[in-house]
Every structure is written in C-alpha cells, then in structure tokens.
Amino acid sequence: MDKTGRYLFMAEPFHCDFSHRLFMGHLGNHLLNAADFHSTDRGFGMTYLNPLHKTWVLSRLAVEMEEMPLQYTRFYVETWVEGAMRYFTNRNFRIVGEDGRVFGYGRSVWAMIDTETRQPQDILAIRDGEIREWIETEKPCLIEKSSRVKMGSDIPLERSIHTYYNDVDVNGHINSVKYIEHVLDLFSPEWYGCHRLKRFEIAYVAESHGGDILNFYKEQITADEYLIRITKSEAKGADDIETCRCRLVFVEN
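Residues numbered from 1 in each chain as written. Predicted model: local features only at pLDDT ≥ 70, side-chain atom pairs only at ≥ 80, totals over all residues. Heavy atoms only, no water.

### Thoughts on the side chain of Glu225
Line of reasoning, step 1. Position of Glu225 relative to the elements: it lies in strand S9 (residues 225-233).
Line of reasoning, step 2. Using a relative accessible area of 18% as the deciding quantity, one classes Glu225 as buried.
Line of reasoning, step 3. Separated by 2.8 Å, the side chains of Glu225 and Arg247 make a polar contact.
Line of reasoning, step 4. With residues up to four places along the chain from it excluded, the contact list for Glu225 reads Glu219, Gln220, Arg247, Leu248 and Val249. (Helix = DSSP H or I, 4+ residues; strand = E, 2+ residues; numbered from the N terminus. Buried < 20%, exposed > 50% of the residue type's maximum accessible area, 1.4 Å probe, protein only. Polar contact = N/O pair within 3.5 Å; in protein donor to acceptor, adjacent residues only side chain to side chain. Contact = heavy atoms within 4.5 Å.)

### Some remarks on a nonpolar patch on the surface
Line of reasoning, step 1. Together, Met85, Tyr87 and Phe88 make up an exposed nonpolar region whose accessible area comes to about 270 Å².
Line of reasoning, step 2. Position of Met85 relative to the elements: it lies in the loop between strand S3 (74-84) and strand S4 (89-97). (Patch = residues over 30% accessible without salt bridge, like charges linked within 9 Å, V, L, I, M, F, W, Y side chains within 5 Å. Areas by Shrake-Rupley, 256 points an atom, 1.4 Å probe, with all protein chains shown as cover. Salt bridge = Lys/Arg side-chain N within 4 Å of Asp/Glu carboxyl O.)

### Regarding the packing of aromatic side chains
Line of reasoning, step 1. Under the definition given, this model contains eleven aromatic pairs.
Line of reasoning, step 2. Look at Phe187 and Trp191: their rings are 6.1 Å apart centre to centre, the planes differ by 35°, and that puts the pair in the tilted class.
Line of reasoning, step 3. Given the relative accessible area of 18%, Trp191 is considered buried.
Line of reasoning, step 4. Joined through ring pairs, the aromatic side chains of Phe187, Trp191, Tyr192, Tyr226 and Phe250 make up one cluster.
Line of reasoning, step 5. The ring of Tyr76 has Arg6 sitting right over it, with the charged end atom 3.8 Å from the ring centre.
Line of reasoning, step 6. Over the face of the ring belonging to Tyr217 we find Arg229, whose NZ or CZ atom lies 5.3 Å from the ring centre. (Phe/Tyr/Trp six-rings, centres within 6.5 Å; stacked < 30°, edge-to-face > 60°. Lys NZ or Arg CZ within 6 Å of the ring centre and 35° of its normal.)

### Thoughts on the nonpolar core
Line of reasoning, step 1. Counting residues in hydrophobic clusters, the biggest one holds 55 residues, and the most contacted among them are Met24, Leu27, Phe75, Phe200, Ile202 and Leu248.
Line of reasoning, step 2. Excluding its chain neighbours within four sequence positions, the residues that come into contact with Met24 are Val63, Met65, Met68, Ile180, Leu184, Leu197 and Phe200.
Line of reasoning, step 3. Counting five residues, the second-largest nonpolar core is a separate cluster that includes Val149, Met151, Tyr217 and Leu227. (Core = buried A, V, L, I, M, F, W, Y, C linked by side-chain atoms within 4.5 Å.)

### Structural notes on the sheet that holds strand S6 (residues 157-162)
Line of reasoning, step 1. The antiparallel open sheet is built from ten strands, whose spatial order is S1-S3-S4-S5-S2-S7-S10-S9-S8-S6. Either end of the sheet is taken by a strand with one partner, and the two such strands are strand S1 (5-10) and S6. In this sheet, neighbouring strand axes are inclined to one another by 25° on average, regardless of whether the strands run parallel or antiparallel.
Line of reasoning, step 2. When S9 meets strand S10 (residues 241-252), the two strands line up antiparallel, connected through eight bridges. If you follow Arg229 over to S10, its bridge partner there is Arg245.
Line of reasoning, step 3. Strands in contact with helix H3 (residues 176-184) are strand S2 (54-65), S6, strand S7 (195-204), strand S8 (213-220), S9 and S10; relative to S7, the strand with the most contacts, it is inclined by about 135°. (Pairing = 2+ DSSP bridges. Axes fitted to C-alpha atoms, helices over the stretch in contact; angles between N-to-C directions.)

Right, here's the structure in full:
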C-alpha cells in the first residue's frame, strides 16, 4: 500500500454555491473523510481507535485553492502523513482533477485524545509507533504552514449563534467544518459575488458542545485579509472561552 492515499470525490450540485463551485465547507468534509479513509486503511484510524476509547481531533487546518471545482467535476483528494510526534501528527492534502489539474493544497495538524477524559494521548504508543512507517517526506505540499493569528484586544462582537444537533459530530463536540461554515457566513453573498476565498486557516483551541453559544469577532487587516476569533459561552452570562482563531485571504474575481 502506498504512503499516499488517493480518493475520488465529485462536486455535487447541491454542495456548490451560486457560482456553481464547491463550497469550502464541503471541501473541508472531503478532506476530513480522506484523512479518515487513509488512516483506517493503514491501521490507525477511528475504527481501530474508538474501541480503545481514543479518537483523532483536528488541531489546525490551512487550505489554499487556486480555484474551486465546478459542479459535477470529479476530483481526487490525495493525503499523506508528513510527520508524527508524540502528541501531534502533520497531514497534508492535494486536490487534483481527473485531468491532472491541481486545484489546491491543504495542511493539517491532528491530536489524539482519550474519548472519556478528553486528554491528549501518545500517538507513538499506538501499535508501537507504526504510524512512522507511513510518513512521506518526499511529496511536496506547495503552500505555507498555518500562521500564528494575533488579534487586537478590543475587536467588537460581530455575531453570536446558538449551536444545535446538526453542529455536533461523531466525537461529541462541535464539528470542525461547522466552524468554517459559520465563519464564512460572516460575509455577505454580495461579497462572494466579487471575491473568491483563496486561503482559509483555522486553529482550534478548546472544544465546544451542542447548546453552547458561539461568539464571532472579526478584524480586518487589509482590504482582502480578515482575522476571526470564536469564543463560547456555555450559559447566558457565563465568561467567554476561546475555541478557535481563523485567518481568511480573499482575491477579487
């Protein structure tokens, strides 16, 4: 079995926006599914980990696209492990069409946690560190790693939303991609009519759960670059706890 996994997807029409191109959120789901397929096929996926009361959680994700696939376009998500440490592993992605055209790349950092204590677990203790046999260092990922998002201290609140059933994933917390979708909703359809999202970065700080209130703070850095901080309020009047930070870079259509 190759170190790199290659999985076929399609930009289904109802997974596309009004420009007839794939939503970033749905692309994010395809990336996470490819990561799960790859790890499961090689013996360190959730099928193996869940009976041990362990699971993978996404810590960081950066996606940079030259263009989004048009509806009905079939494309591959290639994924491979670039490095593995005790508590984190680096996984890369390449999104490529059937004709070989590269749509974009992704970089991600994952942690393994205990599903009961929610504490980090030693990745290299699983199957005696077998994940190291799957590390691929020769395949290039042609985008920069995630940056450190530093926001001002007096950024005004942009929006607060409640979380419900459809926000919660198989790990029992707010789905990684749901954060992305909620962040992208901070910009109007008119904005997306004139701009294309080129790069999206998100760093997860703390878990949130169904019923939490998510608060979004938006800071404009340049005409086309924005930083977002998301906090959670577990109850009305409770102190905010930071859950993640994002960086978005747009280009004009």
